Amino acid sequence: MTATQKNNQVTNIDAVVIGAGFSGLYMLYRLREAGFSTRVYEAADGVGGVWYWNRYPGARCDSESIYYNYTFSEELYKEWTWTSRYPEQPEILRYLNFVADKFDLRRDIQFNTRIKSAYYDDDLNRWHIRTEDGESVSAKYFITGVGCISTANIPSIKGLDNFEGEWYHTGHWPHEKVDFTGKRVGIIGNGSSGVQAIPVIAKEAAHLTVFQRTPQYSTPAKNNPYTEEFIRQAKENFHEMKKEVRASLGGLPIPINNQSALEDSPEERRKAYEKAWEAGGARILFAYNDLLANEEANETASEFIRSKIRETVKDPETAEKLSPTYYYGTKRAIIDTDYFETYNRPNVSLVEIKKAPIQEITAKGIRTADSEYELDAIVFATGYDGMTGSLFKIDIRGKDDVSLKDKWVNGSETRTYLGIATAGFPNMFMITGPESPSVLGNMPVAIEQHVEWVMDCINYLREKNIEIIEAKVEAEEAWSKHCGELADSTLYTKAESWYTGANIPGKARGFQIYVGGYGPYRDKCDEVANKGYEGFSLMSSSKTTVR
Ligand code: NA7
């Protein structure tokens, strides 16, 4: 029950966890605390998950830092001090390193190791996990903490190999500073990453050309450094904050105005939106309770933001090009620092690639249907193959050698029970898997809930001498149906977004996130556990059903 070994020897341990981001670190901490031998595998050479890789200029979190952390340890919460409202990537990475040091986690993490496959052995009731280097380990429990948005989407554009300049993806940024001084830079993509990077790169580059496919709504972050007094109060308020974030819909203690936008007069609405705009972040989404459910209500918020774009961007033609038409919030709500202001700079230009698509990357730059742009560097801020992308990168096979990818028909028929487990894959747990609320809120809160639920479950199995837990087909059918119905009752499914898989050519469309909110979801998971893991088959080692 010690560490794994090479030389064809297979080591037996209790649990294998993939990924050393927020999920993997906490899962390791809990498993180890409960006395389970555990090994975490991590492809990077350090902890951090997406915060290890996302080092692009301007990279920040869009959740407020005092809520974007673990709450399982009061001591940890009080020992760490955030410097500003929206933390920069290096600060978050420092935080996760601090966590790893404080709880001495690194000794059970194998870095620089990518997992190639995980096969379930039905005879032995164990998972056989293999690394890309050929190392094998056998574990009773297989837990994925691979992140929802960690597999980079680099569009296959003809000619990229011929480009003589340098190119980067925001999610795989070099560790050393990339110096754009004096360079002509092109950036493709204006989601959260692009919107954060564009103002920063524009200040450094000789010229920045933004290749925009879809204009996006963005609201000002109103980032600011925290005062000592603010931090003191936040720390004092720890228990209340923890209770509130865990019961909330999106993992943040921000109340939603429980009223329809259509009940207010246009003047009252304007006032409410102005107040939310001034408060910063994505507060507009909290201004009324039906912005993501009712088209007419949504249009009031969408038009408010468009009016702000017109006020901010001096050239009316550019303002028009930057004005989105989809329903605000149905793509991830973006927050920014000086994003729209950046288009007033003389060294920034905007190219609409829906009107004149990119045809080729040449040795000298980017050629669209109507022009050629000479560039020294290209930045792909083109996002991720979300929700299933990172799971599908590993060859995961359950009972009868069925692969997860095949079972889910490449994502078009994703079926999970609670977004944590899937039938045919016993003793496998997915932290923030598809069909859990995950990315529709403040991730550490979702992660802690999953880790704690999984830990309670594993402890229960040990106490009751149960060897195998597996989601029942009927339970996952019902859960997937419920998720789909909830999503269809909102406007989310109307957008072309990474939430729906629309950003990846050829990817099956579907909305694989539970939209009912963190608090209600937690209650549902607790109910399942309290009923002795209702919806799961619980079996002894001889496959005798225990319940
Ligand atoms: P996003 O939000 O998926 O944004 C990706 C951007 O790249 C978006 O503007 C896309 O346009 C654009 N894109 C994607 N593929 C292409 C191609 N092939 N050609 C041109 N433009 C393209 O990713 P981010 O990294 O910004 O953010 C991911 C999440 O991280 C974010 O939601 C937060 O949760 C944190 P589109 O809108 O699809 O037309």
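Cut-offs used in this document
Residues numbered from 1 in each chain as written. Predicted model: local features only at pLDDT ≥ 70, side-chain atom pairs only at ≥ 80, totals over all residues. Heavy atoms only, no water. Salt bridge = Lys/Arg side-chain N within 4 Å of Asp/Glu carboxyl O. Helix = DSSP H or I, 4+ residues; strand = E, 2+ residues; numbered from the N terminus. Buried < 20%, exposed > 50% of the residue type's maximum accessible area, 1.4 Å probe, protein only. Axes fitted to C-alpha atoms, helices over the stretch in contact; angles between N-to-C directions. Parallel < 35°, antiparallel > 145°, perpendicular 65-115°, else oblique. Contact = heavy atoms within 4.5 Å. Nonpolar A, V, L, I, M, F, W, Y, C, P; charged D, E, K, R; others polar. Domains from an automatic or database assignment. Buried area = accessible area lost by both parts, 1.4 Å probe. Near = heavy atom within 4 Å. Polar contact = N/O pair within 3.5 Å; in protein donor to acceptor, adjacent residues only side chain to side chain. Areas by Shrake-Rupley, 256 points an atom, 1.4 Å probe, with all protein chains shown as cover. Pairing = 2+ DSSP bridges. pLDDT = per-residue confidence, 0-100. Phe/Tyr/Trp six-rings, centres within 6.5 Å; stacked < 30°, edge-to-face > 60°. Lys NZ or Arg CZ within 6 Å of the ring centre and 35° of its normal.

**Examining the pattern of salt bridges**
- What the rule picks out here adds up to 42 salt bridges.
- With a closest N to O distance of 2.6 Å, R283 and E64 form a salt bridge. Of this pair, R283 sits in the loop between α8 (266-279) and α9 (295-312) while E64 sits in the loop between α2 (50-53) and α3 (74-79), and the two are 219 residues apart along the sequence.
- A residue is classified by how much of its surface remains accessible, and R283, at 22% relative accessible area, is partly exposed.
- The buried category is assigned to E64, whose relative accessible area is 9%.

**Regarding the packing of helix α14 (residues 443-463) against helix α16 (residues 518-530)**
- Look at α14 against α16: their axes get within 11 Å of each other, and the N-to-C directions meet at 0 degrees. On the basis of the axis angle, α14 is roughly parallel to α16. Packed against α14, whose contacting residues are M443, V445, A446, Q449, H450 and W453, the element α16 presents Y518, Y521, R522, C525, D526, V528 and A529 at the interface.
- Looking at side-chain class alone, the contact of α14 with α16 contains nine nonpolar, two polar and two charged residues.

**Quick notes on the domain arrangement of the protein**
- Annotation of the protein at the domain level lists domain 1 (10-151 + 386-539) and domain 2 (160-236 + 252-380).
- On a C-alpha basis, the centroid separation for the pair domain 1 and domain 2 is 29 Å.
- Around 3,500 Å² of area is buried between domain 1 and domain 2 when both sides are counted, 55% of it from carbon and sulfur atoms.
- The three residues of domain 1 that bury the most area against domain 2 are Y56, R85 and L491, which together make up 21% of that side's buried surface.

**Quick word on the site of the ligand**
- Neighbouring the ligand are 20 residues, the closest being N190, S192, S193, R213 and T214.
- Separating an oxygen atom of the ligand from a side-chain N or O atom of S193 is a distance of 2.5 Å.
- Within the side chain of R213, a nitrogen or oxygen atom sits 2.8 Å from an oxygen atom of the ligand.
- In isolation the ligand exposes 770 Å². Once the protein is present, 87% of that is buried.
- Split by residue class, the shell around the ligand holds seven nonpolar, 10 polar and three charged.

**What about the side chain of T416?**
- In this fold, T416 is placed in the loop between α13 (404-407) and β18 (428-430).
- Among the polar contacts made by the side chain of T416, one reaches the main-chain amide nitrogen of G419 at a distance of 2.9 Å.
- Every residue in contact with T416, bar those within four places of it in the chain, is listed here: W408, A421, T422, M430, P434, E435, E476, W479 and S480.

**Let's talk about the sheet that holds strand β12 (residues 348-352)**
- With respect to topology, five strands assemble into an open sheet ordered β7-β16-β8-β9-β12, the strand pairing being parallel. Each end of this open sheet is capped by a strand with a single partner; those strands are β7 (166-169) and β12. In this sheet, neighbouring strand axes are inclined to one another by 20 degrees on average, regardless of whether the strands run parallel or antiparallel.
- As defined by bridge partners, strand β9 (residues 207-212) adjoins β12 across five bridges and the pair is classed as parallel. Residue pairing across strands places T209 opposite S349, the latter belonging to β12.

**Concerning the confidence of the model for the protein**
- Per-residue confidence for the protein gives a mean pLDDT of 95, with 98% of residues at or over 70.
- Long-range and interchain partners of residues 1-7, a stretch whose pLDDT sits below 50, account for 20 contacts in this model, where long-range means more than four residues apart.

**What to know about the pairing of strand β14 (residues 365-368)**
- The pairing of strand β13 (residues 358-361) with β14 spans three bridges and is antiparallel. Bridge pairing in β14 places I361 opposite I366.
- In this structure, β14 lies alongside strand β15 (residues 372-374), joined through three bridges in antiparallel fashion. By the bridge assignment for β15, I366 is matched with Y373.

**Description of the sheet that holds β15**
- If you trace the three strands from one edge of the open sheet to the other, you get β13-β14-β15, paired in antiparallel fashion. The open sheet terminates on both sides in strands that have one partner only, identified here as β13 and β15. Across the sheet, the axes of successive neighbouring strands diverge by a mean angle of 20 degrees, strand direction being ignored.

**Quick word on the side chain of S323**
- Among the secondary structure elements, S323 is positioned in the loop between α10 (316-321) and β11 (334-336).
- The contacts of S323, once residues within four sequence positions are left out, are P215, R306 and I309.

**A closer look at unusual backbone geometry**
- Positive phi is not limited to glycine here, since L418 has a value of about 65 degrees.
- Tracing the sequence through the fold places L418 in the loop between α13 and β18.
- With a phi angle near 20 degrees, S438 is a residue other than glycine that sits in the positive phi range.
- Looking at where S438 falls in the secondary structure, it is placed in the loop between β18 and α14.

**Things to note about the packing of aromatic side chains**
- In total, this model carries 47 aromatic pairs according to the counting rule given.
- An angle of 70 degrees between the planes, with centres 5.4 Å apart, marks the rings of Y217 and Y328 as edge-to-face. Taken together, the positions of Y217 in the loop between β9 and β10 (218-220) and Y328 in the loop between α10 and β11 put the pair 111 residues apart, joining distant regions of the chain. A single burial state applies to Y217 and to Y328, both of which are buried.
- Seen in terms of ring centroids, W479 and Y521 are 6.0 Å apart; in terms of plane orientation they differ by 55 degrees. Their pairing is tilted. One end of the pair, W479, is in helix α15 (residues 473-488); the other, Y521, is in helix α16, and 42 residues separate them in sequence.
- We classify W479 as buried; its relative accessible area is 3%.
- For Y521, a relative accessible area of 1% puts it in the buried group.
- Of the aromatic side chains, those joined through ring pairs into one cluster are F22, Y26, Y29, W51, Y68, Y70, F72, W80, W82, Y95, F98 and F103.
- For the cation-ring pair, R55 lies above Y52, with the distance from its terminal atom to the ring centre recorded as 4.7 Å.
- Stacked on the ring of Y326, the Lys or Arg K331 has its end atom at 5.6 Å from the ring centre.

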